There are 4 protein chains.
Amino acid sequence: MSKLWDKGLALNQQIEAFTVGNDYLLDQSLVYYDCIASKAHASVLEKAALLSPDEAQQIKQGLDDIIALQIKGEFEITSEQEDCHTAIEAYLIETLGELGKKIHTARSRNDQVLTAQRLYYRDQLKEVESLRVKLIETMAQFVERFGQISYPGYTHMQKAMPSSFAMWGWAFIESMEDNGMLLATVSKILDQSPLGTAAGYGVPLEIDREMAAQELGFARVQQNPIYAQNSRGKFDALLIHSLSAMTADFNKIASDLILFNMSEFKFVKLPDEFCTGSSIMPQKKNPDVLELMRAKHHLVKACEFEVSSLTGNLISGYNRDLQLTKEPVMKALKITQDCLEIAVLLFQNLEVNEDRCQKAMSPELYATERAYDLVRQGVPFRDAYIQIAHSLEEDS
Amino acid sequence: MSKLWDKGLALNQQIEAFTVGNDYLLDQSLVYYDCIASKAHASVLEKAALLSPDEAQQIKQGLDDIIALQIKGEFEITSEQEDCHTAIEAYLIETLGELGKKIHTARSRNDQVLTAQRLYYRDQLKEVESLRVKLIETMAQFVERFGQISYPGYTHMQKAMPSSFAMWGWAFIESMEDNGMLLATVSKILDQSPLGTAAGYGVPLEIDREMAAQELGFARVQQNPIYAQNSRGKFDALLIHSLSAMTADFNKIASDLILFNMSEFKFVKLPDEFCTGSSIMPQKKNPDVLELMRAKHHLVKACEFEVSSLTGNLISGYNRDLQLTKEPVMKALKITQDCLEIAVLLFQNLEVNEDRCQKAMSPELYATERAYDLVRQGVPFRDAYIQIAHSLEEDS
Amino acid sequence: MSKLWDKGLALNQQIEAFTVGNDYLLDQSLVYYDCIASKAHASVLEKAALLSPDEAQQIKQGLDDIIALQIKGEFEITSEQEDCHTAIEAYLIETLGELGKKIHTARSRNDQVLTAQRLYYRDQLKEVESLRVKLIETMAQFVERFGQISYPGYTHMQKAMPSSFAMWGWAFIESMEDNGMLLATVSKILDQSPLGTAAGYGVPLEIDREMAAQELGFARVQQNPIYAQNSRGKFDALLIHSLSAMTADFNKIASDLILFNMSEFKFVKLPDEFCTGSSIMPQKKNPDVLELMRAKHHLVKACEFEVSSLTGNLISGYNRDLQLTKEPVMKALKITQDCLEIAVLLFQNLEVNEDRCQKAMSPELYATERAYDLVRQGVPFRDAYIQIAHSLEEDS
Amino acid sequence: MSKLWDKGLALNQQIEAFTVGNDYLLDQSLVYYDCIASKAHASVLEKAALLSPDEAQQIKQGLDDIIALQIKGEFEITSEQEDCHTAIEAYLIETLGELGKKIHTARSRNDQVLTAQRLYYRDQLKEVESLRVKLIETMAQFVERFGQISYPGYTHMQKAMPSSFAMWGWAFIESMEDNGMLLATVSKILDQSPLGTAAGYGVPLEIDREMAAQELGFARVQQNPIYAQNSRGKFDALLIHSLSAMTADFNKIASDLILFNMSEFKFVKLPDEFCTGSSIMPQKKNPDVLELMRAKHHLVKACEFEVSSLTGNLISGYNRDLQLTKEPVMKALKITQDCLEIAVLLFQNLEVNEDRCQKAMSPELYATERAYDLVRQGVPFRDAYIQIAHSLEEDS
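Residues numbered from 1 in each chain as written. Chains lettered and ligands numbered in written order. Predicted model: local features only at pLDDT ≥ 70, side-chain atom pairs only at ≥ 80, totals over all residues. Heavy atoms only, no water.

## Some details on the overall build of chain A
- Looking only at helices and strands, one finds 14 helices and six strands in chain A.
- Radius of gyration (C-alpha) of chain A: 28 Å, far over the 21 Å computed for a compact globule of 396 residues.
- Viewed in the frame of its principal axes, chain A has a C-alpha envelope of about 90 × 55 × 40 Å.
- Buried residues in chain A amount to 69% of all 396 residues.
- Approximately 12400 Å² of chain A is accessible, and the part contributed by carbon and sulfur atoms is 49%.
- Across chain A, the centroid of the 39 positively charged side chains sits 1 Å from that of the 56 negatively charged ones. (Helix = DSSP H or I, 4+ residues; strand = E, 2+ residues; numbered from the N terminus. Rg over C-alpha atoms; globule rule 2.2 N^0.38 Å. Buried < 20%, exposed > 50% of the residue type's maximum accessible area, 1.4 Å probe, protein only. Areas by Shrake-Rupley, 256 points an atom, 1.4 Å probe, with all protein chains shown as cover. Lys, Arg positive; Asp, Glu negative; His and termini not counted. Charge placed at Lys NZ, Arg CZ, Asp CG, Glu CD.)

## Focus on the relation of the copies chain A and chain B
- Overlaying chain A with chain B gives an RMSD of 0.0 Å, the required rotation being 180° about an axis along which the chain moves by 0.0 Å. Both chain copies can therefore be described as sitting about a two-fold axis. No C-alpha of chain A lies nearer the rotation axis than that of A:Thr185, which sits 3.5 Å from it.
- Take the interface residues of chain A: 100% of them recur as interface residues in chain B, which is what a same-surface contact looks like. (Least-squares fit on C-alpha atoms with pLDDT ≥ 70 in both. Contact = heavy atoms within 4.5 Å.)

## Thoughts on the pattern of salt bridges
- On inspection of all chains with the given rule, the structure shows 84 salt bridges over all chains.
- Between D:Arg220 and C:Asp178 there is a salt bridge, with its nearest N and O atoms 3.4 Å apart. Here C:Asp178 lies in helix H7 (residues 165-190) and D:Arg220 lies in strand E4 (residues 220-221), a pairing that spans two chains.
- Using a relative accessible area of 4% as the deciding quantity, one classes C:Asp178 as buried.
- A salt bridge links C:Asp355 to C:Lys359, with the nearest nitrogen and oxygen atoms 3.1 Å apart. Here the residue C:Asp355 and the residue C:Lys359 both occupy positions in helix H12 (residues 354-359), the gap between them amounting to four residues, near one helical turn.
- Here C:Asp355 falls in the partly exposed class, since its relative accessible area comes to 45%. (Salt bridge = Lys/Arg side-chain N within 4 Å of Asp/Glu carboxyl O.)

## Considerations on the packing of helix H9 (residues 225-260) of chain A against helix H7 (residues 165-190) of chain B
- Look at H9(A) against H7(B): their axes get within 8 Å of each other, and the N-to-C directions meet at 30°. Between H9(A) and H7(B), the crossing angle belongs to the class labelled roughly parallel. Relative to H7(B), the crossing made by H9(A) is right-handed. Each of A:Pro225, A:Ile226, A:Tyr227, A:Asn230, A:Lys234, A:Phe235 and A:Leu238 in H9(A) lies in contact with H7(B), whose residues at this interface are B:Met167, B:Trp168, B:Ala171, B:Phe172, B:Glu174, B:Ser175, B:Asp178, B:Asn179 and B:Leu182.
- A class-by-class count of the residues in the contact of H9(A) with H7(B) yields 10 nonpolar, three polar and three charged. (Axes fitted to C-alpha atoms, helices over the stretch in contact; angles between N-to-C directions. Parallel < 35°, antiparallel > 145°, perpendicular 65-115°, else oblique. Left-handed = near helix turned anticlockwise from the far one by under 90°. Nonpolar A, V, L, I, M, F, W, Y, C, P; charged D, E, K, R; others polar.)

## Quick notes on the interface of chain A and chain B
- Across the contact, 91 residues belong to chain A and 91 residues belong to chain B.
- Counting the surface lost from both chain A and chain B, the interface buries some 7600 Å², and carbon and sulfur atoms represent 59% of this.
- On the chain A side of the interface with chain B, the three residues burying the most area are A:Tyr201, A:Ile315 and A:Arg382, jointly 10% of the side's total.
- A:Lys234 is paired through a salt bridge with B:Asp249; the nearest N and O atoms lie 3.2 Å apart.
- Summed over the shared surface of chain A and chain B, the number is 45 residue pairs in polar contact (both at pLDDT 80 or more).
- When residues in the side of chain A that touches chain B are grouped by element, the largest group, 16 residues, is from H9(A).
- Taken together, the residues of the side of chain A that touches chain B break down into 40 nonpolar, 28 polar and 23 charged. (Buried area = accessible area lost by both parts, 1.4 Å probe. Polar contact = N/O pair within 3.5 Å; in protein donor to acceptor, adjacent residues only side chain to side chain.)

## Notes on the interface of chain C and chain A
- The interface of chain C with chain A comprises 58 residues on the first partner and 58 residues on the second.
- Considering only the side of chain C, the residues that lose the most area to chain A are C:Phe18, C:Ser279 and C:Leu292, jointly responsible for 14% of the buried surface there.
- The interface formed by chain C and chain A includes four salt bridges.
- We note a salt bridge from A:Arg320 to C:Asp288, for which the minimum N-O separation is 2.2 Å.
- Our count for the chain C to chain A interface comes out at 12 residue pairs in polar contact (both at pLDDT 80 or more).
- Counting only elements with at least two residues in the side of chain C that touches chain A, the list comes to helix H1 (13-20), helix H10 (288-311) and helix H11 (326-349) of chain C.
- The greatest single-element share of the side of chain C that touches chain A, amounting to 16 residues, is contributed by H10(C).
- When its residues are assigned to classes, the side of chain C that touches chain A shows 28 nonpolar, 13 polar and 17 charged.

## Regarding the environment of C:Lys126
Residues and elements named next belong to chain C.
- Within the secondary structure, Lys126 sits in helix H6 (residues 109-146).
- Residue classification places Lys126 among the exposed residues on the basis of a relative accessible area of 52%.
- Note: C-alpha distance between Lys126 and Ala184 (58 residues apart in sequence) is 9.7 Å.

## Section: the pairing of strand E2 (residues 158-164) of chain A
Residues and elements named next belong to chain A.
- Most of E2 is tucked away, with six of its seven residues classed as buried.
- Where strand E1 (residues 150-155) lies against E2, six bridges are found, and the strand directions are antiparallel. By the bridge assignment, Pro152 is partnered in E2 with Pro162.
- Linkage of E1 to E2, two consecutive antiparallel strands, is achieved through a turn of two residues, within which His156 is found at a positive phi near 55°. (Pairing = 2+ DSSP bridges.)

## A closer look at the side chain of B:Arg232
Residues and elements named next belong to chain B.
- One can find Arg232 in helix H9 (residues 225-260).
- Asp236 provides the closest opposite charge to the buried, salt-bridge-free Arg232, at an N-O distance of 5.1 Å.
- The contact partners of Arg232, leaving out residues within four places of it in the chain, are Val113, Leu114, Gln117, Tyr318, Leu322, Gln323 and Thr325.

## Regarding helix H3 (residues 31-47) of chain D
All names here are of chain D.
- The end-to-end C-alpha separation of H3 is 24 Å, in line with the 24 Å expected for 17 residues at 1.5 Å each.
- Counting buried positions along H3 yields 12 of 17 residues, so the element is predominantly enclosed.
- Of the residues making up H3, those classed as buried are Val31, Tyr33, Asp34, Cys35, Ala37, Ser38, Ala40, His41, Ala42, Ser43, Val44 and Leu45.
- Residues of H3 that are buried make contact with helix H4 (53-71), helix H5 (84-96), helix H6 (109-146) and helix H8 (209-215).
- Backbone geometry just downstream of H3 places Ala49 in the positive-phi region, at approximately 60°. (Expected span 1.5 Å × (residues − 1).)

## Quick look at the domain arrangement of chain A
All names here are of chain A.
- Under the domain assignment used here, chain A contains domain 1 (13-105), domain 2 (110-207 + 223-359) and domain 3 (363-395).
- The straight-line distance from the C-alpha centre of domain 2 to that of domain 3 is 41 Å.
- Across the contact, six residues belong to domain 2 and five residues belong to domain 3.
- The junction of domain 2 with domain 3 conceals about 430 Å² of combined surface from both sides, 71% of it contributed by carbon and sulfur atoms.
- By the criterion of area lost to domain 3, the three top residues of domain 2 are Lys159, Met161 and Pro162, representing 77% of everything that side buries.
- For the pair domain 2 and domain 3, the interface holds zero salt bridges.
- Applying the counting criterion to the domain 2 and domain 3 interface returns zero residue pairs in polar contact (both at pLDDT 80 or more). (Domains from an automatic or database assignment.)

As structure tokens, this is what we get:
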């Protein structure tokens, strides 16, 4: 079967490879979502009398068959088909004949792709959210186990004042709570149904967009067809940014722990499974997992950068450039979920070395307290500060 | 008077220039906010009996004097003082003597800077919000005036289907409404008081942080001192991202209008004030203002990039690197507000050229409608589509 | 067989998936290069009497066998092996027994990976260079065919002065020549052998690094072992930047042609193979290939951003984060080569529509010439300019 | 005097502020270069008989007067004039009357700006180059003083193998040498004269562009007028990238030294002038200068990002967006030069703490050497490695 837009022109194979990219691979994740969106669309067409009840029923059955095949790993999208949308329509035409050709009424590939992506993002964000909650729980348990242990707090990477693993752990719990607030709003902003906006200028048919939105569980209809297309890169960048707020935390957690795990500190004991050896140095237990956790934040930021950069200086409406935002969003979601899972494992297994922490609590950490002792005796803070500073210089 | 941290070490001038940067210029915007934060801090110190009621009163009066001076443009921050915080404390010591040395009790420059910035951001975001509302209003009026005019909708920069200036204008109104949802959440996330977290590990004194937060109008206290510091780059990046959602819209509006203003289109008539001439070509009326509106979005994204990049791979707690996030946030706020204002002027003065729009409504824009006419007669969409496609090829 | 660094610790599967990534897939491209580098290393070990002549011979034979297998698509790298380096050593141990365990003498996986990558980059850059030359040739032929046709030159996206397709084509030929100058220097900077720098601090054995460099065709030895590791992200970012100079040109070529191909212009006729249809609009021939060519530049920039961002704020020496620079470099090379090939096809098949160009040469394009006519009669340029400007305003 | 392009249209003040930006401030750096370029242009006009010898002489004298004024700080560019080019032409008209109006013959502001910028960049890059050479010299002297001292080499931020300050210092010397190779090529690519390309489509007059190029010391003429404009963002991004190769080194030097300066290491002693205190903690000597050196790399990368992002998806020829590339290039040059100067000061004053380095040379650093001792006795490397690994586990 030919592609949706094929009108009989021969396409050079090289050009085909260039344009298809790896959509046909990525799109396995979208088959389910395109099918349920197409089912809702069939209902809409039925209501608009563009499909008879029986036709709608047959199409929905065909779509359910595809879902069943896909679950069994038996629904193939060929490189020639380019994406899941063509493959699904092809299947319907193959199995239902003429009737299959009716499903693409009153929509375009543009809104079809958008709808499937939004449904997919919604489920992925739910998974992110549930991992986020799990992680907070795990971090709270870590704090319960080790929170009372003091260690030196650093500023400018210099010993500053006493800290504790409760203070350290809660720093990230609070951050993850703020991340949740952002994630909720981003999810809400994305929770609008583009189905029925067609190519970006609506369709010259009366269809019930509200019905489709409800059937698919969207909170609202995205009314404006131009905005539906314009929001593509915009929502993608926003979604990735909200993920990067979490990976930024992982970047910092990893940076802290890689330092605290150095032999010069050893405030923490990493789980053995988080370390690997060296191919040349027999003594090494390298914190590879943490280094990768630190590094993967930058991959997520690169995804955000890619999406923003792609869509700059383009006019309104669909441009093919937008196709390329799909992969970075999927990649950012995958990385963030992976990092969340690894972070849960980390906090379940991370141990604090109380002895080494204790030994690191050297006197200079208490200089501020000593200054405040003077303050309590009535010395203005600035004078107390200078007095302690001088006494420290004499000591050293 | 010496800098807050000066302990008598000589500092090479070259190094001083390197470290100070232009904070002493930027900080004029923060003087007011540091003063009101310091007033709230004086109340806290009074409650903690670290200042007598009379002392607190004198300090507050001194701070009010500074505010008054600043309004008159007479409060100077010298390059040697480095920032407004040193200048303010210096003024208090100069005018109040020993008493002035007490205001820095129970805080550090780290939380002091953060508090002033957050208060400043809050006011700036309110200004953004009010401009956003004004812009939506202005766009709605534009749509009222010109919305009924049709023009060709483009996909792939090719004539696609009929659009209208109502559809075009509402695309950006809807987008600006979503931007408002994001802005509200970002404002809420930032609305927490860091005052009292000191250098990032709290202070060894009992102080009423809740009281300071209330006096300053913060919705809540940012409890964790480490998070207060860690949130610096994080909140900054988030804030800029929420601004960039708006400048992305301006980028698109400008891209559309620059195209629509070309002599080949002339769908719109830009206000004369939005155009400039060429130094060599007498005929030119260039859409410079729109080109700059398009371009400035990239400056905002660069600010976001800068903040994210700065803070990657750093351990928890304050690092001096964070000082450099101040300028990009201020810059992004300024650009966004400027663009919002220019966008208001634009929509107040933009006109649509109905005649040229009408002429551009060529037959191919109605191909989809013709296909749907066939669909209404019972032809499956795919077949209708192919039939129209062939008839168009014969025409051309 | 266990991984190079495996010392018997059990590794949670989830963590393994997280750390391995898709190196085992990417590394198929590196098998050949690791084998020839290992052959050179065997020669070095033989010279250092760490292998007997016969042992060196056997190892080289084993490596040749691997190359032969790989060419036939029969050399497998399993996910458990993680990368090609482990797989190759495993094969040698499996087939040569104890002897296989000797090849990793006097090197580390760090310099081994770097060497294979550099050899791979060198071949890839040669391919880029040969495509660049081919493209210049093709563009010159395009100019020969269509160069004499005039079209309106634009500034500020407004008709400015007469241009021609010779001027347009040569703009990109000159740019591609400058790109060649950059590419040559980047290739030269990268052309240094890291083999023998081991983990980043050398090896406590006398080995002839010069010999390895010569056998592998490197121009010089990268002397400093720390620099060998530090140069990893640095060279990668530089390489990608030099590629992005080319994709930036493609971005501009595509942007120009997408505009010139609009029905409002039609200065050019794109080859049919470069266009696709719409799933809803029967009339459309969309310039998808050019849109993707435009878009892919941003993917390359994102790769550069990713590499730079990854390596910021890290201390000297190998950090596992650096592993993640491999994929973006490979991706950027692939995209650039693809775009070069597509650009060749484009210029081979692109046609100029002389008739439409002619019709677009409206009088305002000659305003500057008219001003210069006055200049030749002695009128100062500024006065001539104002005179023509006024006459144009009266006309319009 | 009115702006170059002013044709009598009133410009809303708000819009003027938006479009002018701070060019009138930045342009003080360009006055000299615009004057010498204009002098060369006067020679060209004289040769083309568009100026008489006497006229050319008067104009050149006027330009010399401006240079003299500027040196004394007395050449003002007002915000209304927008940039140095208008201010210079205004001065000539004011002092020379009608004659002043002739200098803008056969050029446009587009090539005028480009020429002044390239001349400015050339001088700035020479300054960068001379600082680079000075730094290498200083680093070599540092190595002479402290190179023989061993310290632990780290991989994965774990003690790996013995290193030395010679190895460390030379890592950056080699890198700075490679940076020089890149810088030289970038300088060469930029060394072409755009003067005479006018607005981007040449001028309809015979002028001797070669003569202008020679008089200004350019290596060659940039032939193609479209390329002259297109190269603007391209060369800017390339220039900044070549600077960022240096600031990336400073980022790493600073990251290393901040770690090595921690009390847990104290391998180095920073000069007192490089450290500042804390406003709350009397004991602190923070490595602020190094933190800012680390941070400023990201500002340079943000400048590169800004320039690349600005120019994406724009068509050929001048677009006003390009005006905004001036500031990031100037900023990146300033930061890089500042960092080079600070780096020279750093290596002049940095000391190594031999005693602390010695104490840090713990036994595990020699594990690889112990394995190689076994290798020399004939044990295959892999077996030697495992043997030492086991013995270390028993020890610990």
